[in-house]
Amino acid sequence: MTTEELDKCIRRVPDFPKPGILFYDVTSIFTNPECFRFVIDKMVELYKDKELGGVCGVESRGFLLAAPLAERLGIPLVLIRKKGKLPGDVYRCAYALEYGTAEIEVHKSDIKPGNKYLVVDDLIATGGTLEASKKLLELGGAEVSEFFGIIGLPALNFEKVLAPVKVTTLINYDGE
C-alpha cells in the first residue's frame, strides 16, 4: 500500500459538522484492515528506533492508533482523556475551542518525570488539543518528543502552534 492508496481510504463528508466544512473521516481507515495495518506499520517504522518512555493517545481515535503502536514497540500506553473520565489523581489542562473551552486530563501516575513521549491523534488541525496534551506532560515533568497524526491541515497553522516540537503526518490537505 502507498500513501496515495491510504488517501483513497479516507471518507470525505461535505458540510460536516457545519456548511462549508469538508470533514475527513478516518473511521473508514479502521474498517479497512489493509489501510489500518499500513498506518500502524508506518508508525512502527517511524518510531521503532526512538527512545520513547511511552506513547500518549488522545481521546478517542488517538487511542486506536497509540494502542497497537505501544504494543508493537513494547512501551507504555498513556491515555489522554476528556475531563471527568479518569478515576485517579490527574493533571488537567483547559484549551480553547472555536466556541468555548474544553479540558483534558491524564493520570499523574502514568507520567514519568524525565521521559519523552510521542503524542498521537488522528487529525491535526489547529493544534490546540495537542498543545494542551504537551502541557499535561510537562506538568508531570516529562516532555513531548514528537506529535503524530494520520492527517494534517497545515493551512490552520498547527506547526506554528506546536513548534518547536516536530509534527509528523502521513497525509496533508491544504486549503481545508
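Our structure is the block above this text.
Below you will find a few notes about this structure. These numbers were taken from a predicted model, which means no experiment stands behind them.

So, how was this worked out
- Residues numbered from 1 in each chain as written.
- Predicted model: local features only at pLDDT ≥ 70, side-chain atom pairs only at ≥ 80, totals over all residues.
- Heavy atoms only, no water.
- 1 Å grid on protein atoms, 1.4 Å probe; cavity = no way out; pocket = protein on both sides within 12 Å on 5 of 7 lines; lining within 4 Å.
- Points joined across faces, edges and corners; volume = space filled by probe spheres on them.
- Helix = DSSP H or I, 4+ residues; strand = E, 2+ residues; numbered from the N terminus.
- Nonpolar A, V, L, I, M, F, W, Y, C, P; charged D, E, K, R; others polar.
- Disulfide = S-S within 2.5 Å.
- Buried < 20%, exposed > 50% of the residue type's maximum accessible area, 1.4 Å probe, protein only.
- Pairing = 2+ DSSP bridges.
- Axes fitted to C-alpha atoms, helices over the stretch in contact; angles between N-to-C directions.
- Contact = heavy atoms within 4.5 Å.
- Salt bridge = Lys/Arg side-chain N within 4 Å of Asp/Glu carboxyl O.

### Some details on the layout of surface pockets
Okay, so step 1: The space that makes up the largest pocket amounts to roughly 1,300 Å³.
Okay, so step 2: In this structure, the largest pocket is lined by 37 residues; those nearest its centre are F23, L123, A125, T126 and T129.
Okay, so step 3: Where the lining of the largest pocket is concerned, the elements lending two or more residues are β2 (22–25), β4 (77–82), β5 (90–97), β6 (100–107), β7 (116–124) and α5 (128–139).
Okay, so step 4: Counted by class, the lining of the largest pocket contains 20 nonpolar, 6 polar and 11 charged residues.

### A short note on the state of the cysteines
Okay, so step 1: One pass over the full model with this rule turns up 1 disulfide.
Okay, so step 2: The side chain of C9 participates in a disulfide bridge whose partner is C35; the two sulfur atoms lie 1.8 Å from each other. Linking C9 in helix α1 (residues 3–9) with C35 in helix α3 (residues 33–47), this pair joins segments that are 26 residues apart in sequence. Take C9 and C35: they sit in the same class, and that class is buried.
Okay, so step 3: Here C56 is not disulfide-linked; the sulfur of C93 is the nearest cysteine sulfur, at 13 Å.

### Notes on the sheet that holds strand β8 (residues 143–152)
Okay, so step 1: Strand order in this open sheet of 7 strands is β5-β6-β4-β3-β7-β8-β9, and the pairing throughout is mixed. Edge strands, defined here as strands with exactly one partner in the open sheet, are β5 and β9 (166–172). Shown here is a sheet whose adjacent strand axes are inclined to one another by a mean of 25°, direction ignored.
Okay, so step 2: Bridge count for strand β3 (residues 54–58) against β4 is 4 bridges, and the pairing is parallel. If you follow G57 over to β4, its bridge partner there is L79.
Okay, so step 3: Against the sheet, α5 contacts β3, β4, β5, β6, β7 and β8, and its axis sits at roughly 155° relative to β5.

### Topic: the pattern of salt bridges
Okay, so step 1: Going through the model one piece at a time under the given rule, you end up with 11 salt bridges.
Okay, so step 2: The partner of R11 in a salt bridge is D25, and the shortest N-O contact between them spans 2.5 Å. With R11 in strand β1 (residues 11–14) and D25 in strand β2, the pair connects residues that are 14 residues apart, well separated along the chain.
Okay, so step 3: A relative accessible area of 39% means that R11 is categorised as partly exposed.
Okay, so step 4: For D25, a relative accessible area of 12% corresponds to the buried category.
Okay, so step 5: One salt bridge in this structure joins R61 and D122, with 2.5 Å as the shortest N-O distance. Remark: D122 occurs in strand β7 and R61 occurs in helix α4 (residues 61–73); sequence separation between them is 61 residues.
Okay, so step 6: With a relative accessible area of 6%, D122 lands in the buried category.
Okay, so step 7: The network of salt bridges with common partners includes K83, R92, E103 and E105.

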